[in-house]
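Examination of the molecular architecture
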Amino acid sequence: MADMNRDRPLSPFMIGPYYRPQMTSMTSIINRITGSGLAVGALLVVWWLVAAASGPDYFASIDWLITSFIGDLVMFLSVWALWWHTLGGIRHLIWDAGYCLDVETSEKLGYCIIGGSILLTLLTVIIV
Amino acid sequence: MAFLTDRKRAEGMGSAKSGTEHHWHMQISSYALVILTPLFLLTFGPQLGNDYETVIAHFARPWPAIICGLMVVVGMWHFRQGFQAVIDDYVSTMMTRKLCIIALACFSYGVMAAGVFALVKLAL
């Protein structure tokens with residue numbers, strides 16, 4: 001059984017030394033990065049909620065943080081990451097359903113993610 | 001270990017047999033989040049920067065509280081499963097990998113619990 005716990009080989013990281021960066025691989029890796037990065041935004045949002053539940057004094061300090069320049073920047077990037085990850089996720093759901101798997105359509109969808117995420121982020125900032 | 005045959009050493013080293021379920025659960029939460037994300041941005045977004053009384057009154061209403069609660073719970077659940085795939089891909093040392101997965105669970109459920117607690121307290 002001790003053998004089962006030994007370190008297992010990793011699949012090689014292909015992009016860079018073996019594979020030239022491609023539109024499909026880049027949009028896919030950004031999906032992973034945005035998903036991971038959204039933990040920061042989620043933590044800030046929940047912290048803000050906890051602060052609101054704790055009382056006006058604590059709320060004021062966290063509200064100041066989240067509406068400061070740094071807080072605004074993190075929230076802005078989080079909104080973009082959220083839209084990117086949503087659109088990228090929808091592309092994954094389409095792929096999983098068995099559609100749009102050819103390279104040409106995948107690349108078209110990639111451009112939709114890039115443009116759509118920027119557009120939706122700006123819309124969110126303007127409307128919300 | 002040198003006395004084991006290659007076959008014996010390879011046995012049990014295959015897949016974890018839970019990959020299909022993991023993928024299916026990711027799909028379920030993805031579909032939910034496609035709907036929840038716009039609703040969350042529309043209900044939560046405008047509250048950032050509002051004064052204390054407005055925020056308290058807003059989250060005491062059912063829809064903003066329910067949408068925000070679902071977003072926190074489903075979102076963190078989705079994050080736990082998604083980030084575990086990242087750990088599985090990039091962390092090779094078995095002990096480190098296990099510690100990372102445990103830490104991830106603590107973080108995800110911790111954020112989830114804090115968010116739900118805050119929302120319940122705001123709503124009641």
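Residues numbered from 1 in each chain as written. Chains lettered and ligands numbered in written order. Predicted model: local features only at pLDDT ≥ 70, side-chain atom pairs only at ≥ 80, totals over all residues.

1. What about the overall build of chain B?
- A tally of regular secondary structure across chain B gives five helices and zero strands.
- Order of helices (α) and strands (β) in chain B, N terminus to C terminus: α-α-α-α-α.
- Its C-alpha atoms give chain B a radius of gyration of 20 Å, clearly above 14 Å, the size a compact globule of 124 residues would have.
- Across its three principal directions, the C-alpha atoms of chain B cover 70 × 25 × 20 Å.
- Evaluated residue by residue, chain B yields a buried proportion of 20% over its 124 residues. (Helix = DSSP H or I, 4+ residues; strand = E, 2+ residues; numbered from the N terminus. Rg over C-alpha atoms; globule rule 2.2 N^0.38 Å. Buried ≥ 20, exposed ≤ 12 C-beta atoms within 10 Å, placed from the backbone.)

2. Here's the deal with the packing of helix H1 (residues 23-54) of chain A against helix H3 (residues 69-96) of chain A
All names here are of chain A.
- Taken N-terminus to C-terminus, the directions of H1 and H3 make an angle of 135°; their axes are 8 Å apart at the nearest point. In terms of orientation, H1 lies oblique with respect to H3. The interaxial crossing formed by H1 with H3 has left-handed handedness. Residues Thr 27, Ile 30, Asn 31, Thr 34, Gly 35, Gly 37, Leu 38, Val 40, Gly 41 and Leu 44 of H1 pack against Val 74, Met 75, Ser 78, Ala 81, Leu 82, Trp 84, His 85 and Gly 88 of H3. (Axes fitted to C-alpha atoms, helices over the stretch in contact; angles between N-to-C directions. Parallel < 35°, antiparallel > 145°, perpendicular 65-115°, else oblique. Left-handed = near helix turned anticlockwise from the far one by under 90°. Contact = placed C-beta atoms within 7 Å.)

3. Quick word on the interface of chain A and chain B
- Contacts between the two partners involve 31 residues from chain A and, on the opposite side, 33 residues from chain B.
- Sorting the residues of the side of chain A that touches chain B by element identifies H1, helix H2 (56-66) and H3 of chain A as the ones contributing at least two each.
- Class assignment for the residues of the side of chain A that touches chain B results in 18 nonpolar, seven polar and six charged. (Nonpolar A, V, L, I, M, F, W, Y, C, P; charged D, E, K, R; others polar.)

4. Structural notes on the confidence of the model for chain A
- Residues with a pLDDT of 70 or more make up 94% of chain A, whose mean pLDDT is 88.
- Here H2 of chain A stands out as the least confident element of chain A, with mean pLDDT 90; H3 of chain A is the most confident, with 94. (pLDDT = per-residue confidence, 0-100.)

5. Overview of the packing of helix H4 (residues 62-90) of chain B against helix H5 (residues 94-123) of chain B
Residue and element names in this part refer to chain B.
- Put simply, H4 and H5 touch, their axes get as near as 10 Å, and they point 175° apart. It follows that H4 is roughly antiparallel to H5 by the angle criterion.
- Split into classes, the residues belonging to the contact of H4 with H5 amount to 18 nonpolar, four polar and two charged.

6. A few points about helix H4 (residues 103-127) of chain A
Residues and elements named next belong to chain A.
- Between its terminal C-alpha atoms H4 stretches 35 Å, which fits the 36 Å expected from 25 residues at 1.5 Å a residue.
- Along H4, the residues classified as buried are Leu 109, Gly 110, Ile 113, Ser 117 and Leu 120.
- Looking at the buried positions of H4, the neighbouring elements they touch are H1 and H3. (Expected span 1.5 Å × (residues − 1).)

7. Notes on the environment of Val 34 of chain B
- Here Val 34 of chain B is to be found in helix H2 (residues 19-44).
- Linking Val 34 of chain B and Gly 49 of chain B, residues 15 residues apart in sequence, is a C-alpha distance of 26 Å.
- Discounting chain neighbours no more than four positions away, the residues touching Val 34 of chain B are Thr 86, Gly 89 and Ile 90 of chain A.

8. Examining unusual backbone geometry
All names here are of chain A.
- A positive phi angle, near 55°, is found at Cys 100, a position not held by glycine.
- Mapped onto the elements of the fold, Cys 100 is located in the loop between H3 and H4.
- The partly exposed category is assigned to Cys 100, around which 13 C-beta atoms lie within 10 Å.

9. Points about the confidence of the model for chain B
Residues and elements named next belong to chain B.
- Chain-level pLDDT for chain B is 91 on average; 99% of the residues reach the 70-or-more range.
- Taken element by element, chain B is modelled with least confidence in helix H1 (residues 6-10), mean pLDDT 80, and with most confidence in H5, mean pLDDT 95.
- For this predicted complex, the interface confidence comes out at an ipTM of 0.87, alongside a pTM of 0.88.

10. Focus on the environment of Glu 21 of chain B
- If you trace the backbone, Glu 21 of chain B turns up in helix H2.
- Separated by 53 residues in the primary sequence, Glu 21 of chain B and Val 74 of chain B place their C-alpha atoms 17 Å from one another.

11. Remarks on the nonpolar core
- By size, the foremost hydrophobic cluster in this structure holds 38 residues, and its most contacted members are Val 46, Leu 49 and Ala 52 of chain A together with Ala 118 of chain B.
- Of all the secondary-structure elements, those providing two or more residues to this core are H1, H3 and H4 of chain A together with H2, helix H3 (52-59), H4 and H5 of chain B.
- By residue number, the principal contributor to this core is H1 of chain A, which donates 10 residues. (Core = buried A, V, L, I, M, F, W, Y, C linked by C-beta atoms within 7 Å.)

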